[in-house]
Amino acid sequence: MPKLGMEPIRKAALVKATIVEIGRAGSLDVTVSQIAKRAGMSSALAHHYFGSKEDIFLAAMRHILSLYGAEVRGALHLAHGPEARLRAILAASFSAANFRREAVGAWLNFWVLAQTVPEAKRLLKVYQRRLRSNLLAGLRPLAGDRAEPIADGLGALIDGLYLREVLKTGAPDGAEAVAVATAYLNAKLERAVL
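**Details of the packing of helix H8 (residues 147–166) against helix H9 (residues 174–189)**
Contact geometry for H8 and H9: axes closest at 10 Å, N-to-C directions at 160 degrees. Comparing their axes, H9 and H8 come out roughly antiparallel. Crossing geometry of H8 relative to H9 is assigned as right-handed. Here Pro149, Ile150, Gly153, Leu154, Leu157 and Leu161 of H8 come into contact with H9, specifically with Ala177, Val180, Ala181, Tyr184, Leu185, Lys188 and Leu189. Split into classes, the residues belonging to the contact of H8 with H9 amount to eleven nonpolar, one polar and one charged.

Shown next, in the form of structure tokens:
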């Protein structure tokens with residue numbers, strides 16, 4: 001007989017284990033058994049909670065996007081003015097919580113998953129639209145008609161910095177990533193420092 005109240009705890013453990021296993025493997029080539037073992041439960045229980053490996057991957061993707069979104073919203077809430085909004089988005093994008101080895105590896109693999117799984121593709125499109133919208137809110141007062149191409153370039157650069165990080169060893173350097181993105185932004189805004 002299942003213990004009452006354990007389902008959310010076990011689902012959360014499976015989601016976290018999925019992120020770690022994907023990050024460790026560097027691919028989606030992980031089994032439900034590996035994920036369940038890391039979470040301290042049986043693969044049958046993992047299948048009971050999620051149904052399929054794809055559903056576990058999607059739950060992990062939603063979790064990562066949820067953490068990222070919460071951090072961006074919190075940073076934007078504290079930001080006053082367009083420049084502060086842009087700095088807040090960059091800081092949240094490369095924070096220690098979002099720009100860690102497991103999350104970076106999971107992001108890469110979720111981009112791969114989005115090539116074949118419609119729900120994963122939809123989730124990534126939601127992320128891209130929200131990122132673009134947030135960037136535009138900060139860029140329009142600063143760049144006027146140039147805001148849209150700058151936002152598109154900065155969004156691509158953020159994603160690209162995650163992709164490049166996968167090939168590196170050691171802990172991701174969020175401060176360096178923010179510096180690269182800020183330098184791009186300053187060049188596009190034709191100013192020395194943002």
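**Regarding helix H4 (residues 53–78)**
Between its terminal C-alpha atoms H4 stretches 38 Å, which fits the 38 Å expected from 26 residues at 1.5 Å a residue. Buried within H4 we find Ile56, Phe57, Leu58, Ala59, Ala60, Met61, Ile64, Leu65, Tyr68, Gly69, Val72 and Leu76. On the buried face of H4, the contacting elements are helix H1 (7–25), helix H2 (32–39), helix H3 (43–50), helix H5 (82–93), helix H6 (101–113) and helix H7 (118–143).

**Focus: empty space enclosed by the protein**
Tallied over the full model, the rule gives two cavities of 30 Å³ or more. Surrounding the largest cavity, Tyr68, Ser93, Trp107, Trp111, Tyr127, Ile158, Asp159 and Tyr162 form its lining. Among the secondary structure elements, those contributing two or more residues to the lining of the largest cavity are H6 and H8. With three residues, the single largest contributor to the lining of the largest cavity is H8. Classifying every residue of the lining of the largest cavity by side-chain character gives six nonpolar, one polar and one charged.

**Regarding the environment of Ala177**
Looking at where Ala177 falls in the secondary structure, it is placed in helix H9. Distance from Ala177 to Ser93, taken between C-alpha atoms, is 9.2 Å for residues 84 residues apart in sequence. Not counting residues up to four positions away in its chain, the partners in contact with Ala177 are Phe94, Phe99 and Leu161.

**Examining H3**
Where H3 is concerned, the buried positions are Ala46, Tyr49 and Phe50. Take H3 and look down its axis: the buried residues cluster within an arc of 80 degrees, on one side only. Seen from the buried face of H3, the exposed residues on the opposite side, beyond 90 degrees, are Ala44 and His48. Where H3 is buried, its residues meet H1, H2 and H4.

**Observations regarding the packing of aromatic side chains**
Scanning all chains against the criterion turns up eight aromatic pairs. On the basis of an interplanar angle of 85 degrees and a centroid distance of 6.4 Å, the ring pair of Tyr68 and Trp107 is categorised as edge-to-face. Of the two residues, Tyr68 sits in helix H4 while Trp107 sits in helix H6, which places them 39 residues apart along the sequence. Assessed through its relative accessible area of 9%, Tyr68 is described here as buried. A ring pair is formed by Tyr68 and Tyr127, whose centres lie 5.7 Å apart and whose planes are at 70 degrees; its orientation type is edge-to-face. Taken together, the residues Tyr68 in helix H4 and Tyr127 in helix H7 connect sequence positions 59 residues apart.

The rules behind the values
Residues numbered from 1 in each chain as written. Predicted model: local features only at pLDDT ≥ 70, side-chain atom pairs only at ≥ 80, totals over all residues. Heavy atoms only, no water. Axes fitted to C-alpha atoms, helices over the stretch in contact; angles between N-to-C directions. Helix = DSSP H or I, 4+ residues; strand = E, 2+ residues; numbered from the N terminus. Parallel < 35°, antiparallel > 145°, perpendicular 65-115°, else oblique. Left-handed = near helix turned anticlockwise from the far one by under 90°. Contact = heavy atoms within 4.5 Å. Nonpolar A, V, L, I, M, F, W, Y, C, P; charged D, E, K, R; others polar. Expected span 1.5 Å × (residues − 1). Buried < 20%, exposed > 50% of the residue type's maximum accessible area, 1.4 Å probe, protein only. 1 Å grid on protein atoms, 1.4 Å probe; cavity = no way out; pocket = protein on both sides within 12 Å on 5 of 7 lines; lining within 4 Å. Points joined across faces, edges and corners; volume = space filled by probe spheres on them. Arc of directions from axis to C-beta. Phe/Tyr/Trp six-rings, centres within 6.5 Å; stacked < 30°, edge-to-face > 60°.

So, to be careful, I would describe these as geometric facts and stop short of saying anything about function.
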